[in-house]
Amino acid sequence: MMKLHENPLPEASQMEPDKLKDMPQPAQKSTVTVPVVPAPTSRFSFPSLTKTPPNELYRKLLPAILFVLTFVTVMTMLLIYMDTVALGAQQFRLNMSRDYELARIPAESATLVAYVRQLHLAPRPPKSPPPAPSITDRVEVLDKLYGEIYNGTFVEFMPRGGREPTTAYLETARGWRGVVVRAAPRDFLALRGTASALHACLSPTTHPREVSYQEPESSGVSFSSRVLCLPLYTVLLAADAVTADYALIAGDSAPAALTHLPFNEPSVRLQVIEFRSTDMSARNRTTEFLLGKNYTVAAEFRDGVMYALKKSLP
């Protein structure tokens, strides 16, 4: 076999300097300096919990703990306040819809009479003099029974409506005094005259009551308010009208209210009583009751009956 003899490359040390110069040299690497941009830091940084001393850790955590405690306290107080307001509103609605029987207060209670007289009875004078009313058929009946009476006393107890023309005439033309009672709030505020005005309803019992009064609106929506219902005897005592010459009462509670009036008391002497109603059943019951109390039917009208005390007739 033929042996191939390879000529080994001459070592670098043995190469001539000129040949070394002619050999290509490796390119030198250039060093490029890249500026270091610091990483963006968040506005709020959390402390390192592993490398922070305990005192420094507590100092850094104290604002966060105080914020949490303050937030929890404020939210707790807000929830308690909202619950309290909700319970108060619920109780208010319940009170507005519930009737209260003040059974422990009798109709002749001196405290109740003083309360009504001092805090509720007050005249509502008109802003301008009203026109002179005309005489009514009721006034003509009174004149036939007793003649023209001046400076008399009247009681007008109705659930709603404006001034009754009969009492308005007696007040304006003949100097009568008295009390006008309305249960409807707007009708009460519209009362004007020299007579005392009272916002109340007629109680069918011997004690006062507090009830919800529904006043219908023109749009069909009812307006609810609280009204104090007073016995007829309480109003007569508060207005100094237990010997009234003319008492006009109306409403569904009127027949029952008359039955609780102490007619056997010598101080109670209502000369003329008119029951204003178109309910024939209620009128018949009232007539039967008053006939047993020494009254007689003086006149009948389309919307009411007038009774006169027999011993007061001439």
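Fair warning: this is a prediction, and the values are worked out from it, not measured in the lab. (Residues numbered from 1 in each chain as written. Predicted model: local features only at pLDDT ≥ 70, side-chain atom pairs only at ≥ 80, totals over all residues. Heavy atoms only, no water.)

Turning our attention to the overall build of the protein. Within the protein one finds 9 helices and 12 strands. Buried positions account for 34% of the 314 residues belonging to the protein. Sequence-distant contacts, at least 24 apart, represent 68% of the contacts inside the protein between residues at least 6 apart. Here the protein displays about 20900 Å² of accessible surface, and carbon together with sulfur accounts for 60% of that area. (Helix = DSSP H or I, 4+ residues; strand = E, 2+ residues; numbered from the N terminus. Buried < 20%, exposed > 50% of the residue type's maximum accessible area, 1.4 Å probe, protein only. Contact = heavy atoms within 4.5 Å. Areas by Shrake-Rupley, 256 points an atom, 1.4 Å probe, with all protein chains shown as cover.)

In this section: the state of the cysteines. Counted under the stated rule, the structure contains 1 disulfide. The disulfide partner of Cys201 is Cys229, and the gap between their sulfur atoms is 1.7 Å. Across the S-S bond linking Cys201 and Cys229, the dihedral sits near -90 degrees, which makes this disulfide left-handed. You can see Cys201 sitting in strand 6 (residues 201-202) and its partner Cys229 sitting in strand 8 (residues 222-230), a full 28 residues away along the chain. For Cys229, a relative accessible area of 4% puts it in the buried group. (Disulfide = S-S within 2.5 Å.)

Judged by side-chain polarity, Phe67, Val68, Phe71, Val72, Met75, Leu78, Leu79, Tyr81, Met82 and Val85 come together as a nonpolar surface patch covering roughly 990 Å² of accessible area. Tracing the sequence through the fold places Phe67 in helix 2 (residues 54-97). (Patch = residues over 30% accessible without salt bridge, like charges linked within 9 Å, V, L, I, M, F, W, Y side chains within 5 Å. Salt bridge = Lys/Arg side-chain N within 4 Å of Asp/Glu carboxyl O.)

Take Arg182: it is sitting in strand 4 (residues 177-182). In this structure the side chain of Arg182 is engaged in a polar contact, spanning 2.7 Å, whose partner is the backbone oxygen of Gly161. Of the polar contacts made by the side chain of Arg182, one reaches the backbone oxygen of Gly162; its length is 2.7 Å. (Polar contact = N/O pair within 3.5 Å; in protein donor to acceptor, adjacent residues only side chain to side chain.)

Across all of its chains, the model carries 13 salt bridges by this definition. Where Glu101 meets Arg209, a salt bridge forms, and the shortest distance between an N and an O atom there is 2.7 Å. Of this pair, Glu101 sits in strand 1 (residues 100-101) while Arg209 sits in strand 7 (residues 209-216), and the two are 108 residues apart along the sequence. What makes Glu101 partly exposed here is its relative accessible area of 42%.

Further remarks concern the environment of Ser225. Here Ser225 shows up in strand 8. Residue Ser225 is classed as buried on the basis of its relative accessible area of 11%. Sequence-wise, Ser225 and Tyr213 are 12 residues apart; in three dimensions their C-alpha atoms are separated by 5.3 Å.

For the structure shown, the criterion picks out 2 cavities of 30 Å³ or more. One number sums up the size of the largest cavity: a volume of about 50 Å³. Among the elements of the structure, helix 4 (137-146) and helix 5 (165-174) are those that each provide at least two residues to the lining of the largest cavity. The dominant element in the lining of the largest cavity, judged by the number of residues it contributes, is helix 4, at 3 residues. Tallied by class, residues from the lining of the largest cavity come to 5 nonpolar, 2 polar and 3 charged. Roughly 40 Å³ of volume is contained in the second largest cavity. The wall of the second largest cavity is formed by Arg124, Arg163, Val180, Leu191, Arg192, Gly193, Ala195, Ser196 and Ala197. The greatest single-element share of the lining of the second largest cavity, amounting to 4 residues, is contributed by strand 5 (residues 193-199). Classifying every residue of the lining of the second largest cavity by side-chain character gives 4 nonpolar, 2 polar and 3 charged. (1 Å grid on protein atoms, 1.4 Å probe; cavity = no way out; pocket = protein on both sides within 12 Å on 5 of 7 lines; lining within 4 Å. Points joined across faces, edges and corners; volume = space filled by probe spheres on them. Nonpolar A, V, L, I, M, F, W, Y, C, P; charged D, E, K, R; others polar.)

So, on to the packing of aromatic side chains. Applying the stated criterion across every chain yields a total of 3 aromatic pairs. Seen in terms of ring centroids, Phe67 and Phe71 are 6.4 Å apart; in terms of plane orientation they differ by 20 degrees. Their pairing is stacked. Within this pair, Phe67 and its partner Phe71 are both found in helix 2, separated by 4 residues, close to a single helical turn. By the ring-pair criterion, three or more aromatic residues cluster together here, those being Phe263, Phe289 and Tyr295. For Arg138, the ring lying beneath its charged end belongs to Phe301, and the centroid distance is 4.0 Å. Over the aromatic face of Tyr150 sits the side chain of Arg174, whose NZ or CZ is 5.8 Å from the ring centroid. (Phe/Tyr/Trp six-rings, centres within 6.5 Å; stacked < 30°, edge-to-face > 60°. Lys NZ or Arg CZ within 6 Å of the ring centre and 35° of its normal.)

Geometry only, nothing functional implied.
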